[in-house]
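Secondary and tertiary structure notes
Chain residues, written in single-letter form:
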Amino acid sequence: MDMFGKLGWFFKQERKAYIFGISMLILLSVMTALVPMIIGIIIDNMAAGTITGSQLVTWSVVLVVIAIVQYVMRYVWRTKIFGTSAKLEKILRARLFTHFTQMDSIFFQKYRTGDLMARTTNDLNSIRMVAGGGILTLVDSLSQGLLTLFMMFFFVDWRLTLVSIIPIPLLTILIRFVGRKLHYHSRKSQAAFSSMNDKVQESVTGMKVIKTFGEEELDIEDFKKMTTNVVDRNQKVYLFDAAFRPASQLIMGAATILGVFFGGFLVSQGEITIGLLVAFISYVTRLQWPMIAIGRLFNILERGSASYDRILEILNEKSTIIEEPDALSQSISGDIHIDIDEFAYPDDEEEASLRDIDIHIKQGNTLGIVGRTGSGKTSLFKLLLRDYDQFKGDITFNGISIKDYQLDSLLANIGYVPQDNFLFSTTVRDNIRFANMDTTDKEVEDIAKVTSVHEDILGFSEGYDTLVGERGVALSGGQKQRISMARAMLINPELLILDDSLSAVDAKTEEAILNSIKETREDKSTIISAHRLSSVMHADEIVVLDEGQIVERGTHAELINNNGWYQEMYEHQQLELSSEMEEV
Ligand SMILES: Nc1ncnc2c1ncn2[C@@H]1O[C@H](COP(=O)(O)OP(=O)(O)OP(=O)(O)O)[C@@H](O)[C@H]1O
């Protein structure tokens, strides 16, 4: 029952709708409780032979009117209570979504996409059921149950009522036991559903890889195991749910038998009339529904409660990126100082991914970052973008720490083109002007020219209005890279970060893009990380990272004479290039 307490804030907020709907439900129960009494009166009058034809018609009309009024009232409460419960789902979903947008990388590493999707659909559905079906079942079972008992006690016979409710305490014991089991198994079942969702999401995204490696059978086997787990978990829930109903019916059956025996005895003693006994039996039968409803209610409440805990778990997660109350809203600009003594990922605190990094980028300059794979290039960008805050050292723009800026102000001034480009399922144009939908068509086209993708786009069936599939499946890797680059460059950011963004374009296109960037970003800073050294050779400074540390630094000319990794790699790549030229 504490689930209703957990949703207290919502019931308070929507009290008008609930008071109205609940009043209707209670009135409905009163009417329903009157019907057996009316039938009892009719039977008694019939037995006594005192009922006239017109009285019979009048009573029939009363019963029909009650039925019509009940229909209208049912319609009204349904729209009120179920309509309002849908609002709860909407509120919680919006809260969750806003929360997702405020969370950091650690959060998204901890909770996977499928799990989060399960929580925003399946769990919210279970919570909505509490505010709709749960409230209905509670009010209905309580009002019908209590009113029926009231009628039995005061209008039929109190002794008969007391005798027939002897088995009911057994129900309380049953409810407590089943409730505990339901909560435990509901939580397990929802967690299993989340894992299965994760599996579907991962398999669909990685379907190409699965097929390429011929791992379909294994994947199907994995999936079967997960669905079996979900079914097993759900079966446990249904097992307890299913056990409740027949058990409650058994208890109510015992109540009816006691009532019939003792009632028959009272009739034979002339203590009550046959009509009253008929009304009594009808009331006892009507007690069955509230009892069954209590079982249903417990299932709804325990499922809802387990889901609510899962939603709260997410909402209580705090981002580690904390914005100071007096954080600066001004635009970032000026020289950049990157001074990282040590940084380790939270899930791998033993091993530092970056150490002793000291880089100074003068405003308007370009920094090149190279190094073997896993050397820490992307990790450095993650710190610049404040994906992680817990590192020793500081990063400053114009002498002001990035932690002193509002996160929005910081990110609005950094154009980041990640390695794994993500395009939205919308037109090419809207993908490019994502940061500012008011951008004119000409501005969009101009920036597409800078990243050398304009001609490609004109070649698409509908040009800039061509729809891009999820993750840009219809485009080549190079086209995706250049569209993502156009999107980042459109805002003319103070700092542009290209994280291996030129890997899928040919050498000629790369040169054209680098030249355009140089022309358009004269007083703005740029950081380019790359495996192909031609992407960084014109940079004002190049740093070579190895195992998270700077092992070489200087201009291309300086590094080429350094006898280090850079020189070796440059010569290797030059050789590759000349053998490719020969083949052509
Ligand atoms: N989220 C993470 N959690 C824990 N360790 C991570 C995480 N991301 C990266 N690492 C580790 O940090 C190190 C540096 O990785 P990073 O992605 O920065 O390298 P990189 O130079 O960008 O590599 P590449 O050129 O292949 O993109 C690697 O050892 C990697 O395993």
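Quantities reported herein were computed from a predicted structural model and do not represent experimental measurements.

**Comments concerning the environment of Ala-293**
Secondary-structure assignment places Ala-293 in helix α11 (residues 274–315). Given the relative accessible area of 0%, Ala-293 is considered buried. Counting along the chain gives 268 residues from Ala-293 to Leu-25, while the straight-line C-alpha distance between them is 14 Å.

**Topic: the environment of Arg-286**
Tracing the backbone shows Arg-286 in helix α11. Taking the C-alpha atoms as reference points, Arg-286 and Gln-55, 231 residues apart in sequence, are found 26 Å from one another. Every residue in contact with Arg-286, bar those within four places of it in the chain, is listed here: Thr-32, Val-35, Pro-36, Gln-144 and Thr-148.

**Looking at the side chain of Thr-396**
Among the structural elements, Thr-396 can be located in strand β4 (residues 392–397). By relative accessible area, Thr-396 is classed as buried at 12%. Among residues more than four places away in sequence, those in contact with Thr-396 are Asp-335, Ile-336, His-337, Ser-401 and Ile-402.

**A closer look at the layout of surface pockets**
Empty space within the largest pocket amounts to approximately 1,800 Å³. The wall of the largest pocket is formed by 40 residues, among which Met-103, Leu-385, Asp-387, Leu-411 and Tyr-416 lie closest to the centre. Among the secondary structure elements, those contributing two or more residues to the lining of the largest pocket are α4 (53–102), α5 (105–110), α12 (377–384), α13 (407–412), β6 (414–417) and α17 (477–490). For the lining of the largest pocket, the element with the most residues is α13, which contributes four residues. Residue classes in the lining of the largest pocket are distributed as 17 nonpolar, eleven polar and twelve charged.

**Focus: the packing of aromatic side chains**
Under the criterion given, the structure shown has 20 aromatic pairs. Geometrically, the ring pair formed by Phe-11 and Tyr-18 is edge-to-face, given 5.1 Å between the ring centres and 90 degrees between the ring planes. Just as Phe-11 is buried, Tyr-18 falls in that class too. Ring plane angle 90 degrees and centroid distance 5.2 Å describe the contact between Tyr-345 and Tyr-388, whose orientation is recorded as edge-to-face. Of this pair, Tyr-345 sits in the loop between β1 (336–343) and β2 (354–361) while Tyr-388 sits in the loop between α12 and β4; the two residues are 43 residues apart in sequence, bridging distant segments of the chain. Per residue, the accessibility class of Tyr-345 equals that of Tyr-388, and both read buried. An aromatic cluster is built from Phe-4, Trp-9, Phe-10, Phe-11 and Tyr-18, whose rings are joined through pairwise contacts. A cation over an aromatic ring shows up here: Arg-95 above the ring of Trp-9, its NZ or CZ 4.6 Å from the ring centre.

**Comments concerning the pattern of salt bridges**
For the structure on display, the rule yields 25 salt bridges. Taking the shortest distance from any N to any O, the salt bridge between Asp-222 and Lys-199 comes out at 3.9 Å. Taken together, the positions of Asp-222 in helix α10 (residues 216–268) and Lys-199 in helix α8 (residues 168–205) put the pair 23 residues apart, joining distant regions of the chain. Residues participating in the shared-partner salt-bridge network are Lys-6, Asp-115, Arg-119, Arg-187, Asp-309 and Glu-313.

**Focus: the domain arrangement of the protein**
Here the protein is partitioned into domain 1 (2–315) and domain 2 (336–413 + 493–583). In this structure, domain 1 and domain 2 have C-alpha centres spaced 60 Å apart. Listed by partner, the interface residues are four residues for domain 1 and five residues for domain 2. Of the roughly 330 Å² buried at the junction of domain 1 and domain 2 (both faces included), carbon and sulfur atoms supply 43%.

**Some words on the sheet that holds strand β8 (residues 525–529)**
Taking strand neighbours across the sheet as the criterion, the six strands line up as β6-β7-β8-β3-β9-β10 in an open arrangement whose pairing is mixed. Looking at the sheet topology across the chains shown, the edges are occupied by β6 and β10 (549–554). Averaged over all adjacent pairs, the angle separating strand axes in this sheet is 15 degrees, with direction ignored. Judged from the four bridges that link them, strand β3 (residues 366–371) and β8 form a sheet pairing that is parallel. The residue bridging Ile-369 from the neighbouring strand is Ser-529, located in β8.

**Description of the sheet that holds strand β5 (residues 400–401)**
Ordered by their spatial adjacency, four strands build an open sheet running β2-β1-β4-β5, and the pairing between neighbours is antiparallel. A single partner strand is all that each edge strand has here, and the edge strands are β2 and β5. Strand direction decides the pairing type here: β1 and β4, joined by six bridges, are antiparallel. If you follow Ile-338 over to β4, its bridge partner there is Ile-395. In this fold α12 packs onto β1, β2 and β4, with an angle of close to 115 degrees to the strand it touches most, β1.

Conventions adopted
Chains are numbered independently. Their residues run from 1 in the order of the written sequence. Residue-level local features of this predicted model are given only where pLDDT is at least 70; pairs of side-chain atoms are given and counted only at 80 or more, and the full residue set underlies all totals for whole chains, interfaces and linings. With hydrogens and water stripped out, all remaining heavy atoms of the structure feed into the side-chain values. Helix and strand definitions follow DSSP, with helices as H or I runs of at least four residues and strands as E runs of at least two, each counted in order from the N terminus. Each residue is placed in one exposure class: buried if its accessible area under a 1.4 Å probe, protein chains only, is under 20% of its type's maximum, exposed if it is over 50%, and partly exposed if it falls in between. Residue contacts follow a heavy-atom distance rule, with two residues in contact if any of their heavy atoms lie within 4.5 Å. A cavity here means a set of 1 Å grid points, computed over protein atoms only, where a 1.4 Å probe fits but cannot escape. A pocket is an open set with protein on both sides within 12 Å along at least 5 of 7 lines, and lining residues have an atom within 4 Å of a point. Grid points are joined across faces, edges and corners, and a volume is the space filled by probe spheres set on the points. Polar here means any residue outside two lists: the nonpolar Ala, Val, Leu, Ile, Met, Phe, Trp, Tyr, Cys and Pro, and the charged Asp, Glu, Lys and Arg; Gly therefore counts as polar. A pair of Phe, Tyr and Trp rings is counted when the ring centres sit within 6.5 Å of each other, with Trp represented by its six-membered ring. The angle between the planes then sorts it: under 30 degrees is stacked, over 60 is edge-to-face, the rest tilted. Whether a charge lies above a ring is judged from NZ of Lys or CZ of Arg, which has to be within 6 Å of the ring centre and within 35 degrees of the ring normal. Counted as salt bridges are all cases of a side-chain nitrogen of Lys or Arg within 4 Å of a carboxyl oxygen of Asp or Glu. In this entry, domain limits derive from an automatic or database-based domain assignment. As a working definition, buried area equals the accessible area (1.4 Å probe) given up by two parts on being put together, with both sides summed. The rule for pairing is simple: two strands pair if DSSP sees at least two bridges between them. Comment: axis = line fitted to C-alpha atoms, over the contacting stretch for helices; angle = value between 0 and 180 degrees taken between N-to-C directions.

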